[in-house]
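Structural features, examined
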Amino acid sequence: MSEPNPMPPPVVEAVDVEKTFAAGTKKAYTALKGLNFRIEDLPGQGEFISIVGPSGCGKSTILNLIQGFPDVHPPTRGEMRVRGEEVTGPGRDRGMIFQRYSSFPHRTVLRNVTFGLELHREEHGLSREQMDRLAREWIAKVGLGGHEGKYPHQLSGGQQQRVAIARTLVLKPRIILMDEPFSALDEPTRYEMQKLITHLWHEVEATVFLVTHSLGEAVFLGDRVWIITNAPGRIGQEFSDVLPPTRDADPLLVQESQDFKDAVGEVAHAFFEIQAGRV
Ligand code: ADP
């Protein structure tokens, strides 16, 4: 008789993570302490985790530690693990999307989207034609078909963020880290981007961590919402049961519903209790 498959290791796991910047100096600052979580590897789907919390509580630091970003990595104590392995630096399995448009100004949309593929050419072995075809597919998926030859300065903020999304998703990362990706956009464009993200979500089946200052966005996009405490940050409260299912739904319609407003109200109440230090 064959052995049953052992449980795969969690996609991402934080074990008692602590991060002190400038440790051992007068400027020492502990941004995170006692951060623990486990995101299980759900077959055929990923989880969407929204992270909110007071400014400076270490939200970006969490993403940077998962990413293995050299300025922040490693934790001062504890361990950040991806698929059971301690993070030692950035990897192709993790993609980051920032608030500020991170496209290369001197490259066209097409060449921005092929950039990562070109960088990892030896690993995936795609020809130039195959890379271009794949990039064009993703440019179409993010709604930028016809703009392949344009440069970033010829695009609106929302369009530039679409390029950033295509650039990241074309590489099929298993983990996507988004740091306030829509906060520089106006409200209607934000809704459009939320719609796009929920739509692309099924396609990539990745695990997503989204830092946002919008509680509505956190509740709309998240399967879970974490509220991080004042620094040193840790997860003060996690919500999952109260969140209405919103995948593939129209953000405007959902965000008008009473269930949604109730959920945001509940998260907001917890947020202010945590910010006031009562949790
Ligand atoms: P948040 O995203 O919640 O606003 P951050 O994770 O960006 O907070 O930062 C938490 C704290 O750690 C801030 O006080 C910030 O100044 C500090 N910090 C973040 N990154 C660095 C760094 N590379 N060097 C020194 N201090 C840092």
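Residues numbered from 1 in each chain as written. Predicted model: local features only at pLDDT ≥ 70, side-chain atom pairs only at ≥ 80, totals over all residues. Heavy atoms only, no water.

1. Considering the overall build of the protein
Along the protein, the regular secondary structure elements total nine helices and 10 strands. Taken over C-alpha atoms, the radius of gyration comes to 19 Å for the protein, in line with the 19 Å a tight globule of 279 residues would show. Per-residue burial for the protein yields a buried fraction of 50% across its 279 residues. Excluding contacts between residues fewer than 6 apart, the proportion of contacts in the protein whose partners are at least 24 apart in sequence is 71%. Carbon and sulfur atoms make up 50% of the accessible area of the protein, which amounts to about 13400 Å² in all. (Helix = DSSP H or I, 4+ residues; strand = E, 2+ residues; numbered from the N terminus. Rg over C-alpha atoms; globule rule 2.2 N^0.38 Å. Buried < 20%, exposed > 50% of the residue type's maximum accessible area, 1.4 Å probe, protein only. Contact = heavy atoms within 4.5 Å. Areas by Shrake-Rupley, 256 points an atom, 1.4 Å probe, with all protein chains shown as cover.)

2. What about the site of the ligand?
Surveying the vicinity of the ligand reveals the residues Phe-21, Tyr-29, Ala-31, Pro-54, Ser-55, Gly-56, Cys-57, Gly-58, Lys-59, Ser-60, Thr-61 and Asp-71. Contact distances for the ligand include 2.8 Å between an oxygen atom and a backbone N or O atom of Gly-56. Here an oxygen atom of the ligand and a backbone polar atom of Lys-59 are 2.9 Å apart. In the complex, 60% of the free accessible area of the ligand, which totals 560 Å², lies under the protein chains. The set of elements that each furnish at least two residues to the shell around the ligand consists of strand 2 (29-39) and helix 1 (59-67). (Near = heavy atom within 4 Å. Polar contact = N/O pair within 3.5 Å; in protein donor to acceptor, adjacent residues only side chain to side chain.)

3. Topic: the pairing of strand 4 (residues 77-82)
Direction of pairing for strand 1 (residues 12-21) relative to strand 4: antiparallel, over a ladder of five bridges. Residue Glu-18 lies in a different strand from strand 4, and its bridge partner there is Arg-77. Relative to strand 5 (residues 85-86), strand 4 is paired through two bridges, and the arrangement is antiparallel. Bridge assignment links Arg-81 to a residue of strand 5, and that residue is Glu-86. (Pairing = 2+ DSSP bridges.)

4. A word on the packing of helix 5 (residues 157-169) against helix 6 (residues 187-204)
Between helix 5 and helix 6, the least distance of the axes is 11 Å, while the angle of their chain directions is 15°. Our classification of the angle between helix 5 and helix 6 gives roughly parallel. In this structure, helix 5 crosses over helix 6, and the sense of that crossing is right-handed. In this structure, helix 5 contributes Gly-158, Gln-161, Arg-162, Ile-165 and Leu-169 to the contact, and helix 6 contributes Thr-189, Glu-192, Met-193, Leu-196, Ile-197, Leu-200 and Val-204. Per-class residue counts for the contact of helix 5 with helix 6 are seven nonpolar, three polar and two charged. (Axes fitted to C-alpha atoms, helices over the stretch in contact; angles between N-to-C directions. Parallel < 35°, antiparallel > 145°, perpendicular 65-115°, else oblique. Left-handed = near helix turned anticlockwise from the far one by under 90°. Nonpolar A, V, L, I, M, F, W, Y, C, P; charged D, E, K, R; others polar.)

5. With respect to helix 6
The first and last C-alpha atoms of helix 6 sit 25 Å apart over 18 residues, in line with the 26 Å expected at 1.5 Å per residue. Directly beyond the C-terminal end of helix 6, a positive phi value near 50° is found at Glu-205. (Expected span 1.5 Å × (residues − 1).)

6. Thoughts on the pattern of salt bridges
Scanning the model with the defined rule gives 17 salt bridges in all. Close ionic contact of Arg-190 with Glu-217 constitutes a salt bridge, the shortest N to O distance being 3.1 Å. Placement of Arg-190 in helix 6 and of Glu-217 in helix 7 (residues 215-221) is noted, with a sequence separation of 27 residues between them. Within this structure, Glu-13, Arg-38, Glu-40, Glu-79 and Arg-81 form a network of salt bridges that share partners. (Salt bridge = Lys/Arg side-chain N within 4 Å of Asp/Glu carboxyl O.)

7. Side note on the domain arrangement of the protein
Split into domains, the protein comes out as domain 1 (12-93 + 173-275) and domain 2 (103-172). Spacing between the C-alpha centres of domain 1 and domain 2 amounts to 25 Å. Taken residue by residue, the interface counts 15 residues in domain 1 and 15 residues in domain 2. Between domain 1 and domain 2 lies a buried interface of about 1400 Å² when both sides are counted; carbon and sulfur atoms form 68% of it. Broken down residue by residue, the surface that domain 1 buries against domain 2 is led by Arg-92, Pro-173 and Leu-200, which jointly contribute 42%. At the junction of domain 1 and domain 2, the tally comes to one salt bridge. Here Glu-123 and Arg-92 are joined by a salt bridge, their closest N and O atoms 3.5 Å apart. Run the count over domain 1 and domain 2 and you get one residue pair in polar contact (both at pLDDT 80 or more). Counting residues per element, the side of domain 1 that touches domain 2 draws most heavily on helix 6, which supplies eight residues. (Domains from an automatic or database assignment. Buried area = accessible area lost by both parts, 1.4 Å probe.)

8. Describing the environment of Thr-212
Looking at where Thr-212 falls in the secondary structure, it is placed in the loop between strand 8 (207-211) and helix 7. In this structure the C-alpha to C-alpha distance between Thr-212 and Leu-119, which are 93 residues apart in sequence, comes to 30 Å. Leaving out residues up to four positions away in the same chain, Thr-212 has contacts with Ile-51, Val-52, Glu-180, Arg-190, Glu-217 and Ala-218. Of note is the side chain of Thr-212, whose polar atom sits 3.0 Å from the backbone nitrogen of Ser-214. Reaching out from Thr-212, the side chain makes a polar contact with the side chain of Glu-217 at a distance of 3.1 Å.

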